[in-house]
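A closer look at the structure
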Amino acid sequence: MPDTSTPHPLDHVARIQAEWTRERPDLDVSPQAVIGRLHRLAGLLTEELCVVYRRFGLSEGEFDVLAALRRAGEPFERAPGELATHTMVTTGAMTKRIDRLERTGLVTRRRAADDGRARVVALTQAGLDLIDRAFTEHMRNERRLLDTLTADETAALEPLLTAWLGRLEPPQGG
């Protein structure tokens, strides 16, 4: 039988919940048990992922742009508005990312062949080489992070997260 006489230390979220329960006993703070931990986990995971991006001289946003271009398939190009959709950022933020990637020789910008007013952003060979190396390392890093869970935990978590995300952000076609 486990020893329950010694209290286990509370994690950060549990400490916050205990304080709120003391200060506001009239409120149900139980949602913090899930939301608070997911929020903290997202921040920690983002930092762990950014370590790899920085190793390749990229910000998280720049990695996203290069990855969206790579996922487009040959000839590895998309319109800036399409890139914004595929990376979930505003077109203004996208312009800054593309500017920097163009200055570093990882992408080019040109007029669309079918519409002289439209622009197309494409990976350069250097950009393709970089994103392929960075994405390989990114997948190794994600595997390392996921391997902190058991196979059963991962198998249970994925459908739960998929269902929850699908209710908050319905899947888009395409």
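Refer to the preceding data block for the structure.
The structure reproduced in this document is the subject of the present report.

Rules and cut-offs
- Note on numbering: residues in each chain are counted from 1, in written sequence order.
- Local features in this predicted model are restricted to residues of pLDDT 70 or higher, and side-chain atom pairs are both shown and tallied only at a pLDDT of 80 or more, whereas totals for entire chains, interfaces and linings draw on every residue.
- Side-chain descriptors were evaluated using all non-hydrogen atoms of the structure, hydrogens and water having been removed beforehand.
- We define a salt bridge as a side-chain nitrogen of Lys or Arg found within 4 Å of a carboxyl oxygen belonging to Asp or Glu.
- Note on classification: 1.4 Å probe, protein chains only; a residue is buried when its accessible area is under 20% of the maximum for its type, exposed when over 50%, partly exposed between these limits.
- Only runs of H or I of at least four residues qualify as helices and only runs of E of at least two qualify as strands under DSSP, and these elements are numbered from the N terminus.
- Two strands pair if DSSP finds at least two bridges between them.

Some words on the pattern of salt bridges
Taken as a whole and assessed by the stated rule, the structure comprises 14 salt bridges. With its nearest N and O atoms 2.7 Å apart, the salt bridge here joins D26 to R24. The residue R54 makes a salt bridge to E47 at a minimum N-O spacing of 2.6 Å. R54 gets classed as partly exposed once you look at its relative accessible area, which sits at 48%. Overlapping salt bridges, with partners in common, bring together R55, E137 and R140 in one network.

Considering the pairing of strand β3 (residues 119-123)
Among the 5 residues that make up β3, 4 are buried, leaving the element largely enclosed by the rest of the structure. One ladder, built from 2 bridges, connects strand β1 (residues 77-78) with β3; its direction is antiparallel. In the strand pairing of β3, E77 is matched with A122. The pairing of strand β2 (residues 107-111) with β3 spans 5 bridges and is classified as antiparallel.

In short, the description is geometric, and any link to function would need to be established separately.
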